[in-house]
Amino acid sequence: MNGGDEVVAAPGGPPLALDWKFSQVFGERTAGEEVQEVDIISAIEFDKTGDHLATGDRGGRVVLFERTDTKEHGGSRRDLERMDYSINRHPEFRYKTEFQSHEPEFDYLKSLEIEEKINKIRWCQTANGALFLLSTNDKTIKFWKVQEKKVKKISEMNVDPSKTVGIGNVASSSNLSSPKTHLANGGCSSFSSLSNDISFPPEGYPSLRLPQVTSHETSLVARCRRVYAHAHDYHINSISNNSDGETFISADDLRINLWNLEISNQSFNIVDVKPANMEDLTEVITSAEFHPTHCNTLAYSSSRGSIRLIDLRQSALCDSHAKLFEEQEAPGARSFFTEIIASISDIKFAKDGRYILSRDYMTLKLWDINMDSGPVTTFQVHEYLRPKLCDLYENDSIFDKFECCLSGDGLRVATGSYSNLFRVFGCGTGSTETTTLEASKNPMRRQVQTPSRPSRSLSSSITRVVRRGAESPGVDANGNCFDFTTKLLHLAWHPTENSIACAAANSLYMYYA
């Protein structure tokens with residue numbers, strides 16, 4: 001099956017499970033190669049078309065990739081399919097360019113080192129063939145323009161070598177010297193141009209080549225258009241573009257600010273959860289995202305496992321939320337780790353804005369924004385780690401922040417785990433799809449068949465079910481002990497096709513189905 005093709009089951013049945021295949025890897029490690037800290041990927045993002053992919057790393061660099069398999073034929077894959085154009089190749093990307101987005105800084109007022117690590121990347125609307133994107137570290141957001149510039153060169157200013165002037169004088173190069181004209185009183189004069197390298201005979205040249213600017217090649221140039229700084233006292237965890245194309249939000253632990261892309265020295269604080277007395281602080285903001293189509297709506301998650309939907313039309317400072325999404329705690333289930341693992345590390349809106357996907361430490365939850373009584377579906381990512389929570393707390397792994405993503409058609413969700421594994425779950429009507437893949441050239445190496453489990457339709461009953469993946473106590477699908485040092489935190493789903501890009505340390509792996 002080719003990238004972008006949808007697996008369709010019999011009419012009325014759920015879509016079949018996808019058959020994932022390895023596509024490409026960038027920055028693959030050789031056996032025993034030590035990974036440099038600055039090379040570890042910390043952010044991944046497709047643009048809206050899916051033709052460009054950006055990654056950021058802990059060294060403050062942003063690397064851009066562009067798609068090549070559709071570029072050769074012109075038009076998108078779906079357009080070519082409508083034209084019955086035969087495509088036998090999987091999605092392919094190539095390195096486009098890279099630039100240094102952030103440098104390490106030092107805040108002298110707070111005696112605080114500011115890392116160059118890229119926390120988030122967001123693509124903005126393209127204009128005049130240029131690419132625009134936002135990138136942020138802990139404190140500073142930058143707006144970048146990446147454009148192809150023609151390399152301009154000035155051609156030599158010399159006379160036409162094919163023409164001759166006078167007797168025996170051949171204008172062959174810019175270094176040609178003109179004969180001197182002797183005057184009656186014994187003096188002499190030389191007719192020369194403003195440049196000492198070019199001289200002209202008294203008779204002049206009938207054909208003179210003037211300098212011309214020529215463009216022979218192009219180069220990609222990344223230029224920082226704006227810097228949005230000094231607006232956050234705490235570390236920035238999220239940035240998100242608005243659908244109006246003019247504004248974006250940035251969120252730290254206690255505040256969310258609204259910016260205009262054109263104005264870098266002013267922002268509006270729209271959410272502030274900082275209490276008058278910091279001892280009364282009970283939760284912090286962990287992630288925030290604008291609704292994909294409603295420019296007045298955004299959602300943000302908290303460390304207590306709740307998601308708040310706010311409407312910017314209600315008030316300038318959105319102290320009160322329009323809707324609150326949280327799951328009620330089961331009686332008797334509370335433990336020392338309950339609040340820690342309930343903290344939501346990432347939220348994403350579905351493409352149509354109807355659903356919100358959230359990731360906490362143990363689970364993925366899918367929420368219907370029209371139903372605030374609880375999640376419509378819960379996916380257990382690594383339930384077998386629950387007996388090991390004490391060990392995970394001791395080595396700080398319990399504080400790892402995993403990202404999540406949805407497919408463009410909204411039928412599947414994905415998130416990462418340990419041992420460089422990631423999980424893909426089907427969330428369509430009647431789907432029981434649960435796939436475990438490894439970020440390697442053989443992604444299905446750890447695949448385990450799981451029995452069918454009931455699933456609810458996203459559009460029918462409101463009965464909630466908990467669906468569990470392949471579970472083994474303390475070991476992975478192959479019976480190996482889990483490696484908590486290799487974790488797949490960052491991944492992104494192509495906006496229109498079944499293609500996933502994920503980061504395993506400094507390597508970028510891409511898969512298609």
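Conventions and cut-offs
- Residues numbered from 1 in each chain as written.
- Predicted model: local features only at pLDDT ≥ 70, side-chain atom pairs only at ≥ 80, totals over all residues.
- Heavy atoms only, no water.
- UniProt positions renumbered as here; feature names shortened; annotations may be inferred.
- Helix = DSSP H or I, 4+ residues; strand = E, 2+ residues; numbered from the N terminus.
- Buried < 20%, exposed > 50% of the residue type's maximum accessible area, 1.4 Å probe, protein only.
- Contact = heavy atoms within 4.5 Å.
- Areas by Shrake-Rupley, 256 points an atom, 1.4 Å probe, with all protein chains shown as cover.
- Pairing = 2+ DSSP bridges.
- Axes fitted to C-alpha atoms, helices over the stretch in contact; angles between N-to-C directions.
- Phe/Tyr/Trp six-rings, centres within 6.5 Å; stacked < 30°, edge-to-face > 60°.
- Salt bridge = Lys/Arg side-chain N within 4 Å of Asp/Glu carboxyl O.
- pLDDT = per-residue confidence, 0-100.
- Core = buried A, V, L, I, M, F, W, Y, C linked by side-chain atoms within 4.5 Å.
- Patch = residues over 30% accessible without salt bridge, like charges linked within 9 Å, V, L, I, M, F, W, Y side chains within 5 Å.
- Lys, Arg positive; Asp, Glu negative; His and termini not counted.
- Charge placed at Lys NZ, Arg CZ, Asp CG, Glu CD.

- Named according to an unreviewed UniProt entry, the chain is Serine/threonine-protein phosphatase 2A 55 kDa regulatory subunit B originating from Rubus argutus.
- UniProt's Sequence similarities (unreviewed entry) comment on the chain is quoted here verbatim: "Belongs to the phosphatase 2A regulatory subunit B family."
- According to the UniProt record, the Function (unreviewed entry) comment for the chain reads "The B regulatory subunit may modulate substrate selectivity and catalytic activity, and may also direct the localization of the catalytic enzyme to a particular subcellular compartment."

**Overview of the overall build of the chain**
Then, in step 1: Within the chain, the secondary structure is distributed over 3 helices and 35 strands.
Then, in step 2: By the burial criterion, 48% of the 513 residues in the chain qualify as buried.
Then, in step 3: Restricting to contacts in the chain with at least 6 residues of sequence separation, those with at least 24 account for 57%.
Then, in step 4: For the chain, the computed accessible surface area is about 25200 Å², with 49% contributed by carbon and sulfur atoms.

**Some remarks on unusual backbone geometry**
Then, in step 1: One non-glycine residue, H230, adopts positive backbone phi at about 60 degrees.
Then, in step 2: Relative to the helices and strands, H230 resides in the loop between strand 15 (213-228) and strand 16 (238-241).

**As for the sheet that holds strand 21 (residues 297-302)**
Then, in step 1: Reading across the sheet, the 4 strands line up as 20-21-22-23 and stay open at both edges, with antiparallel pairing between neighbours. Edge strands, defined here as strands with exactly one partner in the open sheet, are strand 20 (285-290) and strand 23 (323-325). Across the sheet, the mean angle separating the axes of adjacent strands is 20 degrees when strand polarity is ignored.
Then, in step 2: Summarising the sheet, strand 21 and strand 22 (residues 307-311) pair through 5 bridges and their orientation is antiparallel. Considered in strand 22, the bridge of S301 is made with I307.

**What to know about the sheet that holds strand 33 (residues 491-493)**
Then, in step 1: An order of 1-35-34-33 is seen for the 4 strands of this open sheet, with the pairing classed as antiparallel. Whereas interior strands pair on both sides, the edge strands pair on one side only; in this sheet they are strand 1 (21-26) and strand 33. Averaged over all neighbouring strand pairs, the angle between strand axes comes to 20 degrees, with direction disregarded.
Then, in step 2: The sheet contact formed by strand 1 and strand 35 (residues 507-512) spans 5 bridges and is antiparallel.

**Considering the packing of aromatic side chains**
Then, in step 1: Counted by the stated rule, this structure contains 23 aromatic pairs.
Then, in step 2: Both rings, one in F379 and one in F425, keep their centres 5.0 Å apart while their planes meet at 25 degrees; by these two values the pair is stacked. Here F379 is found in strand 27 (residues 377-380), whereas its partner F425 is found in strand 30 (residues 421-426), with 46 residues between them in sequence.
Then, in step 3: Taken together, F22, F422, Y509 and Y511 form an aromatic cluster joined through their ring pairs.

**Topic: the environment of S42**
Then, in step 1: Mapped onto the fold, S42 is located in strand 2 (residues 41-46).
Then, in step 2: On the basis of relative accessibility, which here comes to 3%, the residue S42 falls in the buried class.
Then, in step 3: The spatial distance from the C-alpha of S42 to the C-alpha of L489 is 8.1 Å, given a sequence separation of 447 residues.
Then, in step 4: Not counting the four nearest positions on each side in its chain, S42 is found in contact with G56, D57, R58, K117, I118, N119 and H490.

**As for the pattern of salt bridges**
Then, in step 1: Going through the model one piece at a time under the given rule, you end up with 25 salt bridges.
Then, in step 2: Between E66 and R94 there is a salt bridge, with the nearest N and O atoms lying 2.8 Å from each other. Here E66, found in strand 4 (residues 61-67), pairs with R94, found in strand 5 (residues 93-100); they are 28 residues apart in sequence, far enough to count as distant.
Then, in step 3: Overall, R94 belongs to the partly exposed group, its relative accessible area being 42%.
Then, in step 4: The partner of E497 in a salt bridge is R67, with the nearest N and O atoms 3.1 Å apart. Of this pair, E497 sits in the loop between strand 33 and strand 34 (499-504) while R67 sits in strand 4, and the two are 430 residues apart along the sequence. Taken as a pair, E497 and R67 share a single burial class, namely buried.

**Examining the confidence of the model for the chain**
Then, in step 1: When pLDDT is averaged along the chain, the result is 82, and 76% of the positions lie at 70 or above.
Then, in step 2: The low-confidence segment residues 470-474 (pLDDT under 50) makes 14 contacts with residues lying over four places distant or belonging to another chain.

**Quick look at the nonpolar core**
Then, in step 1: In terms of nonpolar packing, the biggest core is built from 17 residues, with W20, F422, V424, L491, I500 and C502 touching the most fellow members.
Then, in step 2: Elements with a contribution of two residues or more to this core: strand 30, strand 33, strand 34 and strand 35.
Then, in step 3: The residues contacting L491, other than those within four sequence positions of it, are I44, E403, C404, C405, A414, T415, G416, F422, I500, A501 and C502.
Then, in step 4: One finds L389, L421, F482 and L489 within the second-largest nonpolar core, a separate group that totals 15 residues.

**Focus: the pairing of strand 27**
Then, in step 1: Residues T377 and F379 point to one face of strand 27 and T378 and Q380 to the other, with burial holding for every one of them.
Then, in step 2: Pairing between strand 26 (residues 363-368) and strand 27: 4 bridges, direction antiparallel. By the bridge assignment for strand 27, K365 is matched with T378.

**A few points about a positive patch on the surface**
Then, in step 1: Positive charge collects at one region of the surface, where K149, K150, K152, R223 and R225 lie side by side.
Then, in step 2: For the positive patch, the leading source of residues is strand 10 (residues 141-154), giving 3 residues.

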